[in-house]
Amino acid sequence: DGRTLSVHDKMWRYLSGGVFTPYDGIIYVERSIGRKTRKGLMLALDLERYDFRPGSQTLIRVTEGTIIERIHPRMRIREGALLESPHILVLIDDPERTVIEPISTHKNELSRLYDFDLMMGSGHLSGYLVDKPGLELTAMRGLEKLADPALFAQKYNTDPEHAVLLFAMGDGNHSFATAKAIWEKIKSHVGAIAALNHPARYALVEIENVHDDGLTFEPIHRILFNLQTDLLEALLAYFGDRCHYKPCESCAEMIQRVDEAAKLSTNIPLHTIGLVTSRGHGVIEISSPPANLPVATIQVFLDDFMKQGLAEKIDYVHGHETVTQLGQQPRNAGLYLPVISKNDLFKTVILDGLLPRKAFSMGEAHEKRFYMECRRIA
């Protein structure tokens, strides 16, 4: 409680003391790490167009399940706060690069707000105020086109009952869900007219194009500890004739087979996943899989496996070295998963609903978004 009060007090002191420089409008952001440059737009999204419950058909949607227990402590801070300072990343599916990239082309014509190196090897950050009305209009028209129902149905080959998905949560969903929960509490007290433009109705985010060359997806692998049964036998029993195992001579061969299979057309009804045990390496091939992605197919099995108490615990790890090192220890097993294609993310959310937890990571830890801009919410 004391820490929450301290947060609120600091916000008031910063605002009254003139610490912040206020601007009105969209901010174009560039983040450079090594040879990669990631581009984004800081803007506010309408919380009325978002619902974190599974199966929602809102314009703004989650990609993974929301854990309600994580929202409550965040609500205690946001409730009564004057400011929000988010790290929320929201993705758009814009292969023709019509929203963010036109602003990037003209960034030298914009007012530069900040330009400096970040700490701990996290690259360089620059921000520009989009103070050219024509550029802002171009971005808005690009978003309107992406949200056109007819073009949406054609793009994803969906039926008319599939509502448009424009914004997919990439990172920081629990912060966005907290903003939604607070707004639901506020709006019943402010009246219909005031609710139309109340600052708490909106939440500040950075939108990024899933096709940005600077944005990378990393796979998250699975480790099972202290197995009570043979994992391969359990897989063969669960998937039946659709599951086949092929041994590999080395870890490198396993990785090559899994990664090459992931590059094939998604129309091929076959999922390939690496298996590491104390007996060596191999690949599991599952035909006619129940989900659009290998990670979703295997997670259905793992959830059932863990419910039966057939392993002591499951962990989620990065890097093939870790999955190999831990997976080959006695009574352990590792599952090496392919990276999700950025082209598959929106299609999977639209057709399958939520991705399984720990489906992918947007870059490594030092590439996560910093808390940079603030926005007044009260």
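Rules and cut-offs
Residues numbered from 1 in each chain as written. Predicted model: local features only at pLDDT ≥ 70, side-chain atom pairs only at ≥ 80, totals over all residues. Heavy atoms only, no water. Salt bridge = Lys/Arg side-chain N within 4 Å of Asp/Glu carboxyl O. Buried < 20%, exposed > 50% of the residue type's maximum accessible area, 1.4 Å probe, protein only. Helix = DSSP H or I, 4+ residues; strand = E, 2+ residues; numbered from the N terminus. Phe/Tyr/Trp six-rings, centres within 6.5 Å; stacked < 30°, edge-to-face > 60°. Lys NZ or Arg CZ within 6 Å of the ring centre and 35° of its normal. Contact = heavy atoms within 4.5 Å. Axes fitted to C-alpha atoms, helices over the stretch in contact; angles between N-to-C directions. Parallel < 35°, antiparallel > 145°, perpendicular 65-115°, else oblique. Left-handed = near helix turned anticlockwise from the far one by under 90°. Nonpolar A, V, L, I, M, F, W, Y, C, P; charged D, E, K, R; others polar. Pairing = 2+ DSSP bridges.

The next thing to look at is the pattern of salt bridges. For the structure shown, the criterion picks out 22 salt bridges. In this structure, the salt-bridge partner of Arg78 is Glu84, at a minimum N-O distance of 2.9 Å. For the pair shown, Arg78 and Glu84 are each scored as buried. Put simply, Glu79 and Lys185 hold a salt bridge, and the shortest N to O gap is 2.8 Å. Residue Glu79 is located in the loop between helix 2 (71-78) and strand 4 (83-84), and its partner Lys185 is located in helix 6 (residues 173-190); the two are separated by 106 residues in the primary sequence. Under the relative-accessibility criterion, Glu79 is labelled partly exposed at 38%. Ionic contacts of the salt-bridge type, sharing partners, join the residues Glu48, Lys180, Glu184 and Lys187 into one network.

Under the counting rule described, the total for this entry stands at 11 aromatic pairs. For the pair Tyr238 and Phe239, a centre-to-centre distance of 4.9 Å together with 75° between the ring planes defines the contact as edge-to-face. Accessibility expressed as a relative area gives 4% for Phe239, which makes it buried. Look at Phe301 and Phe305: their rings are 5.5 Å apart centre to centre, the planes differ by 35°, and that puts the pair in the tilted class. One end of the pair is Phe301 and the other is Phe305, both in helix 10 (residues 294-307) and 4 residues apart, which spans about a single turn. Its relative accessible area of 2% is what places Phe301 among the buried residues. Taking relative accessible area as the criterion, Phe305 reaches 2% and is therefore assigned buried. Seen from the ring of Phe225, Lys313 lies directly overhead, with NZ or CZ sitting 5.0 Å from the centre.

On to unusual backbone geometry, then. With phi around 55°, Asn157 is a residue other than glycine that occupies positive phi space. Among the structural elements, Asn157 can be located in the loop between helix 5 (149-156) and strand 8 (167-171). Asn157 sits in the exposed class, given a relative accessible area of 68%. A positive phi angle, close to 50°, is found at Asn226, a residue other than glycine.

Now for the environment of Val295. For Val295, the location among the structural elements is in helix 10. When its relative accessible area of 4% is taken as the criterion, Val295 is described as buried. As for Val295 and Arg357, which are separated by 62 residues in sequence, their C-alpha atoms are 9.2 Å apart. In this view, Val295 contacts Arg222, Leu337, Ile340, Pro356, Lys358 and Ala359; residues no more than four positions away in its chain are not counted.

A few words on the packing of helix 2 against helix 6. One can describe the packing of helix 2 onto helix 6 by two numbers: an axis separation of 9 Å at closest approach and a directional angle of 60°. As the angle between them shows, helix 2 and helix 6 are arranged oblique. Between helix 2 and helix 6 lies a crossing of right-handed hand. In contact with Ile71, Arg74, Met75 and Arg78 of helix 2, helix 6 contributes His174, Ser175, Ala177, Thr178, Ala179, Ala181, Ile182 and Lys185. Taken together, the residues that form the contact of helix 2 with helix 6 break down as 6 nonpolar, 3 polar and 3 charged.

This next bit is on the sheet that holds strand 2 (residues 36-46). Strand order in the open sheet formed by 8 strands is 3-8-5-9-2-1-7-6, with mixed pairing between adjacent strands. Each of the sheet's edge strands pairs with one partner strand only, and the pair in question is strand 3 (60-61) and strand 6 (111-117). For strand 5 (residues 89-92) and strand 8, the ladder comprises 3 bridges, and the chain directions are antiparallel. By the bridge assignment for strand 8, Val90 is matched with Met169.

Here helix 8 (residues 231-239) crosses helix 10 at 110°, and the two axes come no closer than 11 Å. As summarised for this structure, helix 8 and helix 10 are arranged roughly perpendicular, according to the angle between their axes. Residues Leu231, Ala234, Leu235, Tyr238 and Phe239 of helix 8 touch helix 10, and the partners they reach there are Thr297, Ile298, Val300, Phe301, Asp304 and Phe305. Grouping the constituent residues of the contact of helix 8 with helix 10 by class yields 9 nonpolar, 1 polar and 1 charged.

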